Amino acid sequence: MSVSDVSPLSSPPGPNVRAVHDEFHGDLLEVSMGPHHPSTHGVFRMIVTLDGETVTKLKPVFGYLHRNHEKIGENTSYLGSMPYTDRLDYLCSMTNNWAYALAVEKLSGQTVPERAEYLRIILAELTRLLNHTCLAGFLLQDSGASGTPLMYAFREREKILDLFEALSGSRMMCNYQRFGGCRADATPAWLDAARTLTDNYGGFLDEYEELLTGNEILMARTQGIGRLTAKLAIGAGITGPMLRAAGVAYDIRKVDGYGLYPRFNFRVPLGAHGDTYDRYMVRVLEMRESINILRQALRDIPDGPVMDPKAKLRGFRPKPGEAYGRIEGPKGEIGFFLISEGGPNPYRYRVRPPSFINLTILEDLCLGHSVADTVAILGSIDIVLGEVDR
Amino acid sequence: MLGTGLIQGLAVTARNFVGSFHGTKRFVTTQYPEERTKLPEAYRNFPFLVCESADDPMGTLRCVACQICEKECPPQCIYIEKSKDKKPDANGKMQIYPAVFDIDIAVCMSCQICVEVCPFDAIEMDQVFEIAATDRFTGLMMDRHALAKPNGYFHQIHPTQAEEVDSRLAAERLAAEKKAQAAAAAKAAPRPAPAPPAQSPGAPSAQAPKPAAPAA
Amino acid sequence: METPEQIRDRILARLPGAAVAVVANPGPAAQHSLLLGAAHARDVARLLRDDPGLQLDFCSNVSGVDWLDREIVETTKITAPDPAGGPPKELEQKTKRLQPGYLEVVYHLYSVALRHGPVVLRLRTANRTDLVTLPSLTPVWRSCEFQEREVFDLFGVIFAGHPDLRRILMWDEFRDHPMRKDYVEPDDYEWEPTPHGDVLAKARRHYPAAEPAAAAKQEPKA
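Residues numbered from 1 in each chain as written. Chains lettered and ligands numbered in written order. Predicted model: local features only at pLDDT ≥ 70, side-chain atom pairs only at ≥ 80, totals over all residues. Heavy atoms only, no water.

**Quick look at the overall build of chain A**
Formally: Helix and strand labels come from DSSP, where a helix needs a run of H or I of at least four residues and a strand needs a run of E of at least two; each type is numbered from the N terminus. With the radius of gyration taken over C-alpha atoms, the globule rule is written as 2.2 Å times the number of residues to the power 0.38. Each residue's exposure class comes from its accessible area (1.4 Å probe, protein chains only) as a fraction of the maximum for that residue type: buried when under 20%, exposed when over 50%, partly exposed otherwise. The contact definition used throughout considers only heavy atoms, calling two residues in contact when any of these lie within 4.5 Å. His residues and chain termini do not enter the charge count, which takes Lys and Arg as positive and Asp and Glu as negative. Lys charges are placed at NZ, Arg charges at CZ, Asp charges at CG and Glu charges at CD.
A tally of regular secondary structure across chain A gives 16 helices and nine strands. For 390 residues, the compact-globule estimate of 2.2 N^0.38 gives 21 Å, and chain A sits close to it at 22 Å. Over its C-alpha atoms, taken along the principal directions, chain A stretches across nearly 80 × 50 × 35 Å. Split into buried and exposed, the 390 residues of chain A put 64% on the buried side. In chain A, of all internal contacts separated by at least 6 residues, the share reaching a separation of at least 24 is 70%. Mean positive and mean negative side-chain charge positions of chain A (42 and 47 charges, respectively) differ by 7 Å.

Structure representation (structure tokens):
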């Protein structure tokens, strides 16, 4: 019995489709999904072995966007690495900058003025809003709602990007945080624009949820798909909304209490089932909590300097030692591990990438589901290849 | 009833579709290049060198080729060669100037670190983004002639920043002039008897008379 | 949260033969770490995960570090008798010793159950050349799976007991380990000449006619 007798394909298998003949299991098909693929969120490859349409084995392959960011970090000064951190998770540059600034401030023992901490929280929550909005759009886009939810999401994201452009000069590659504060101050006009956006965002979310949350097709495609148990999630180092959708109440904003988060009143949404629909809903609820935090921060932001007066821009040489600093980024725990030997460049510069580690259980989640569900599960893990590969 | 979610969703898309014909809340497309969005003042793209006057750009560059921006640039896209001679700059002071100042904008990542570290406010961020070239290497290598733009242009694109820079430079110039005047006045007054204590005995040349103080 | 010394004592109480030492971290961060010997590392890790007082069930970060051979100069004061017969003199004697290089793997552990952390573990190889095997902690914490593969790929540390140890970021046929300090990058891949002298000199070998104007006005940097 040869492949062409039983293969359902109308044309012979092409270069990326190979039939694997296995005595016990019948014909298994090995498909390479990616790296050129519209639904894999970047140059990401999955080698999927299929029995009909059911996934029997899945191996992720990445490294197509590896840019030796950590080696560049060793050869560049501390300040010079800040623009490179923008390009890790390129959708969320403000939070990447903050995580790096936090790690360096831990390493060097610097303090940050209050207004700068408030600004950092405002920008981090705006970043969380735009990331989760994008995720909802991308998840629907990958599932086949070709473009409409994504374009609505991007329409609102543009408003946040306009705020970032007015403050830092650039929409995505902001390079805004510095060691000891922020680079530039926010004008009262900017804060008013941020308040207007915060007030209007709830209305947009209501409309967006009307479109998506009760949608029967979305529910059929995502409920019960890709269930993640809490035990597996903790052991595999999963962080972020994915962990909370599995029912684990671990949010680094509450646990570590970095920045001035202990002053803010917000809840942490948890999921009950750990499936794809829960991951989507946790993100929607987190967006509502972010709006809550933004309202409080924009109301209470004090006047003052935005930069530690003792901070040096050039000639910054932290004392020898090492530090690990982490924050709750929109995708999970993003941390930086820095070893300083007293020189202008770090001796070791390591990024703890949440998307990379969240992919550990991709195979576990996809086994037994159909190949179309793989795309939905990958969409709900929320990866950005810039962070996975660095 | 099964399907209410779908019908609700269709209502949302219908609302957006019809709403896009009425007003800009749901229709957000700018018909580029006939319409252009107004960019915020802080928007930055690639750097440019500030010169004081448009008539003599190379002679009035603020840059003194200190090479700090070259060292701090993360992707190392700036290349500077100092001049061998000194020329008077816009304030009449003899300064070295950059004989070669190249920025490879194919490499530049618009991070603005060169602007932050420049001690002379000689390099600032430009806002032009329509600079496509057909040659990947020489077409995207901007030399000092292409990079030099006058201070008036800086005022046009970044008014608040330019005001702040100008007032700071004027204040620094005023302080330097006052200091020079005070030093000239101290010299003109009758000299107190002993030499300053920091002088070492074996440095006779340090006591040589200084050249005539410049007219204040 | 217990101090590293208390954790060390707790480990030694349960596993008396284990090699555990506290490595102090100079600098303001004060994140001190525990240096583990390779032989008992996995048992210690299991103890840290299962002990009810610690419950370090979450391994957040696994980093590799490359330490090259280092010359350490120690200055000691010795008293030497004065040959002229006077009182003994105090001299400073400098001794140089070579600390051989090694590869190090640093684990940052947190506890989700008890919400504390970080506890930092370090494992060191014997040298950088042939004795580069360390026990894998993937059977204890699944999050080490991809990160240990990355340390293997970029540093060359071989993890014994890892379920699937192969390259992860570089392609499978790649040789050498890029994050090592003595890695020499090849200059025969296509790249764009940037203005700097040494980069241009290297690029000129591959693009002889690309930069006539630039070559004419720039001299290679000294």
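Further notes follow.
**Here we look at the sheet that holds strand β1 (residues 20-23) of chain C**
Residues and elements named next belong to chain C. Put simply, the rule is: Should DSSP find at least two bridges between two strands, the strands are regarded as paired. For helices, the fitted line uses only the C-alpha atoms of the stretch in contact; every axis is such a line through C-alpha atoms, and the angle between N-to-C directions lies from 0 to 180 degrees.
A sheet is described by the order of its strands in space; here five strands give the open sequence β1-β2-β7-β6-β3, paired in mixed fashion. Two strands bound the open sheet, and with one partner strand each, they are β1 and β3 (58-67). Direction aside, neighbouring strands of the sheet carry axes that sit 25 degrees apart on average. Pairing between β1 and strand β2 (residues 33-36): four bridges, direction antiparallel. Residue pairing across strands places valine 23 opposite serine 33, the latter belonging to β2. Lying over the sheet, helix α3 (residues 144-155) contacts β3 and β6 (102-111), oriented at roughly 10 degrees with respect to β3.

**Considering the sheet that holds strand β5 (residues 141-142) of chain B**
The strands making up a sheet associate through backbone hydrogen bonding, with each pair oriented either parallel or antiparallel. All names here are of chain B. Reading across from one edge, β2-β3-β5 is the order of the three strands in this open sheet, with antiparallel pairing throughout. Of all the strands in the sheet, just β2 (78-88) and β5 have a single pairing partner and so form its edges. The pairing of β2 with strand β3 (residues 94-104) spans eight bridges and is classified as antiparallel. From the neighbouring strand, isoleucine 80 faces β3, where its bridge partner is phenylalanine 101.

**Things to note about a nonpolar patch on the surface**
Put simply, the rule is: Candidate patch residues must exceed 30% relative accessible area and have no salt bridge, after which like charges are joined if within 9 Å and Val, Leu, Ile, Met, Phe, Trp or Tyr side chains if within 5 Å. For the accessible areas, the method is Shrake-Rupley and the probe is 1.4 Å, while residue cover comes only from the protein chains on display. Think of a salt bridge as a Lys or Arg side-chain nitrogen and an Asp or Glu carboxyl oxygen that are within 4 Å of each other.
Together, Ile217(A), Met1(B), Leu6(B) and Ile7(B) make up an exposed nonpolar region whose accessible area comes to about 440 Å². The residue Met1(B) is located in the segment before α1 (4-19) in this model.

**Some thoughts on the packing of helix α6 (residues 148-168) of chain A against α1(B)**
Selection rule: Under this scheme an angle from 65 to 115 degrees is roughly perpendicular, one under 35 degrees roughly parallel, and one over 145 degrees roughly antiparallel; angles in between are oblique. In this scheme the handedness of a crossing depends on how the near helix is turned from the far one: anticlockwise by less than a right angle means left-handed, clockwise means right-handed. Any residue outside Ala, Val, Leu, Ile, Met, Phe, Trp, Tyr, Cys, Pro, Asp, Glu, Lys and Arg is labelled polar, Gly included; the first ten of those are nonpolar and the last four are charged.
At their nearest, the axes of α6(A) and α1(B) sit 12 Å apart, and the two run at 55 degrees to each other. With respect to α1(B), the axis of α6(A) lies oblique. Viewed along their axes, α6(A) and α1(B) form a crossing whose handedness is left-handed. Contacts from Thr148(A), Tyr152(A) and Arg155(A) of α6(A) reach α1(B) at Val12(B), Thr13(B) and Asn16(B). Each residue belonging to the contact of α6(A) with α1(B) can be placed in one class, and the counts come to two nonpolar, three polar and one charged.

**Some details on the interface of chain A and chain C**
The condition is simple: For any pair of parts, buried area is found by adding up, for both, the accessible area (1.4 Å probe) each one loses once the two are put together. What qualifies as a polar contact is a pair of N or O atoms within 3.5 Å, subject to a donor-acceptor requirement within protein and to the restriction that residues adjacent in sequence count only when both atoms come from side chains.
Opposite the 46 residues of chain A that make contact, chain C presents 46 residues. Buried surface at the junction of chain A and chain C, summed over both partners, amounts to about 3,700 Å²; 55% is from carbon and sulfur atoms. Where chain A touches chain C, the interface holds six salt bridges. The tally of links from chain A across to chain C stands at 23 residue pairs in polar contact (both at pLDDT 80 or more). Ranked by residue count, the leading element in the side of chain A that touches chain C is strand β7 (residues 321-329) of chain A, at five residues. Its residues assigned to classes, the side of chain A that touches chain C shows 22 nonpolar, nine polar and 15 charged.

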